[in-house]
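Survey of secondary and tertiary structure
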Amino acid sequence: MVYVISKDGKPLMPTKRHGKVRRLLKQGLAKVVRREPFTIQLLYDTTTYTQPVTVGVDIGSKTVGISAITNKQELLSMEVELRQDIKKLLLKRREHRRFRRYRKRRYRKPRFLNRRRPEGWLAPSVKWKADAHIRLVNFVAKILPVTKVVVEVAPFDIHKIVNPEVSGKEYQEGPQKDFWDVREYCLWRAGYKSELSGKKGVLEVHHIVPRSQGGTDNPSNLIVLTAEEHKAIHEGKIKIPRSKLKKVKILKDASHVSTIGWYIVNTLKGRYDINITYGSITKAKRVEMGLEKTHRNDAFVIAGGNKNVNRAPEWYFGKFFRRQNRSLHKANPIKGGKRPVNTVKEVRGFRRFDKVRYKNQIGIIYGLRISGYFDMRSLSGEKIHSSVKWSNLKLLEKAKTLILERGEQRIPLHLKEDGVSCAGLR
């Protein structure tokens, strides 16, 4: 599928007439504006007839599903992985800033009141995920004439996930009722002794899954230990039993999806015709069509796809990358008190996350070395070559915030297209 943009930048219907596209490029009547998905811009005036295009968005905390369809044909199918390192980087930035203020030893008066959170405030890591969904919809609207957007809003009942039998006033009577805080509840639950050895003494509460890895303050993620056992766990001398690990419920992703759903809907309302749907409806339709559970299949169903709509023969796997690292030096100094340079920015014209070709393989540069030998991997992170020389690489595309990779779609036999119904170039 080749996506087409008019001379003045408006999206037209895509085409499968690859011969026509090659002739236009050869004659200088069109130019390539994007490699994946392959998009051209016409350099001459043409008709602007388009068909209604609906975009389905399957909201996710880690992966987003996108599908764009007409009444007869799926035009675009994508799954995009979101970044999970925002919180970690913010904590690192705070560490750098505090260290710098400590070194300079000067008092700076507050310039403005920045501690009040406005209505609708979202945590930075959550807001980035919500904005990423909006960016993806806007990205699709640049290459396709989008007329409607359907978003699946998924309000998870966290209390019911933890306790499926809860109902009525029991929602107000959780296990921590009448306790001062979660620590007091955990100590009472443990009988004021270690939950590993049964010993008494100085007791501490330990996060089974660290907060830096998505762990929460939910009691299922907390275990009571003695001070000695707590220290030994952090030193790696003893481990938490598997029976304890299996009981941990990480509900961070469900909370994020519940939080960002309506934020995304309300933000997109100003630009698109927005409809909403729910997960139960999506699941019923997907099962009826015999589709496996994937984000792109859910997005296809959300957009209104059915057995009469031909699936796209290919789909795109995407990934968001961090593009800037403005920290000049690493935080920890080496011998002599010198702080080493943080990263190598460019070597032989190549940068991190540039898309390159090595022999017959296409991948991403994940690691740079001043020597000119790079770590090359696929977009999903699979190793292609751990030390490939720069002269053996061909640059295909400069690094971007969003990088896409094309793959073939496995379509059930009863949903395979009988013919091409997509409008072509005029």
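Going by the structure above, here's the rest.
A quick note: this is a predicted structure, and the numbers were derived from the prediction, not measured.

It is characteristic of soluble globular proteins that their nonpolar side chains tend to be buried jointly. V57, L76, M78, V140, V149 and L268 are the most contacted members of the largest nonpolar core, which has 44 residues in total. For this core, the secondary-structure elements that each account for two or more residues are β4 (53–58), β5 (63–69), β6 (74–81), α3 (124–143), β7 (146–152), α8 (252–268), β11 (314–320) and β17 (402–408). The element best represented in this core is α3, accounting for eleven residues. When residues no more than four places from it in sequence are discounted, the contact partners of V57 are V64, G65, I66, H133, V137, V149, V150, V151, E152 and I302. If you look at the next biggest cluster of nonpolar residues, it comprises ten residues, including V347, Y358, I365 and L393.

Moving on to the sheet that holds strand β15 (residues 383–389). Here we have five strands laid out as an open sheet, ordered β15-β14-β13-β12-β16, and antiparallel in their pairing. Edge positions in the open sheet fall to β15 and β16 (393–397), since each of these has one partner strand only. Averaged over all neighbouring strand pairs, the angle between strand axes comes to 40°, with direction disregarded. Pairing of strand β13 (residues 361–367) with strand β14 (residues 373–377) involves three bridges; the strand directions are antiparallel. By the bridge assignment, I364 is partnered in β14 with R377.

Here we take up the pairing of strand β9 (residues 222–226). A large share of β9 lies buried, amounting to five of its five residues. Every second residue of β9 is oriented toward a common face, with L222, V224 and T226 on one face and I223 and L225 on the other, all of them buried.

What the three strands build is an open sheet, ordered β1-β3-β2; its pairing is mixed. Bordering the open sheet on either side are β1 (3–5) and β2 (30–34), each of which pairs with just one other strand. Pairs of neighbouring strands in the sheet enclose a mean axial angle of 35°, with direction left out of account. The pairing of β1 with strand β3 (residues 39–42) spans three bridges and is parallel. Bridging across to β3, I5 finds its partner in Q41. Of the strands in this sheet, β2 and β3 are in contact with helix α1 (residues 18–26), which crosses β2 at around 105°.

Let us look at a positive patch on the surface. Taken together, R93, R94, R97, R98, R100, R101, R103, R111, R115, R326 and R339 make up a surface patch of like positive charges. Within the secondary structure, R326 sits in the loop between β11 and β12 (355–358). Given the relative accessible area of 77%, R326 is considered exposed.

Before going further, it helps to spend a moment on a nonpolar patch on the surface. A surface patch of nonpolar side chains, about 360 Å² in accessible area, is lined by W262, I276, Y278 and I281. By the element assignment, I276 lies in strand β10 (residues 273–277).

For the pair α3 and α8, the least separation of the axes is 9 Å and the interaxial angle reads 45°. Considering the angle they form, α3 stands oblique to α8. Where α3 crosses over α8, the handedness of that crossing is right-handed. Contacts between α3 and α8 involve V126, K127, K129, A130, D131, H133, I134 and V137 on the former and, on the latter, H256, T259, I260, Y263, I264, T267 and L268. The class makeup of the residues in the contact of α3 with α8 is eight nonpolar, four polar and three charged.

Another aspect to go through is the pattern of salt bridges. Any two side chains of opposite charge can pair, on the condition that their charged atoms come close. Taken as a whole and judged by the stated rule, the model has twelve salt bridges. The salt bridge partner of R296 is E79, with a shortest N-O separation of 3.4 Å. Of the two residues, R296 sits in helix α10 (residues 295–302) while E79 sits in strand β6, which places them 217 residues apart along the sequence. Given a relative accessible area of 12%, E79 falls into the buried group. Notably, a salt bridge pairs E397 with K400, separated by 3.1 Å at the nearest N-O pair. Residue E397 is classed as buried on the basis of its relative accessible area, which comes to 13%. Relative accessible area serves as the criterion here: at 30%, K400 is assigned to the partly exposed category.

Parameters at a glance
- Residues numbered from 1 in each chain as written.
- Predicted model: local features only at pLDDT ≥ 70, side-chain atom pairs only at ≥ 80, totals over all residues.
- Heavy atoms only, no water.
- Core = buried A, V, L, I, M, F, W, Y, C linked by side-chain atoms within 4.5 Å.
- Buried < 20%, exposed > 50% of the residue type's maximum accessible area, 1.4 Å probe, protein only.
- Helix = DSSP H or I, 4+ residues; strand = E, 2+ residues; numbered from the N terminus.
- Contact = heavy atoms within 4.5 Å.
- Pairing = 2+ DSSP bridges.
- Axes fitted to C-alpha atoms, helices over the stretch in contact; angles between N-to-C directions.
- Patch = residues over 30% accessible without salt bridge, like charges linked within 9 Å, V, L, I, M, F, W, Y side chains within 5 Å.
- Areas by Shrake-Rupley, 256 points an atom, 1.4 Å probe, with all protein chains shown as cover.
- Salt bridge = Lys/Arg side-chain N within 4 Å of Asp/Glu carboxyl O.
- Lys, Arg positive; Asp, Glu negative; His and termini not counted.
- Charge placed at Lys NZ, Arg CZ, Asp CG, Glu CD.
- Parallel < 35°, antiparallel > 145°, perpendicular 65-115°, else oblique.
- Left-handed = near helix turned anticlockwise from the far one by under 90°.
- Nonpolar A, V, L, I, M, F, W, Y, C, P; charged D, E, K, R; others polar.

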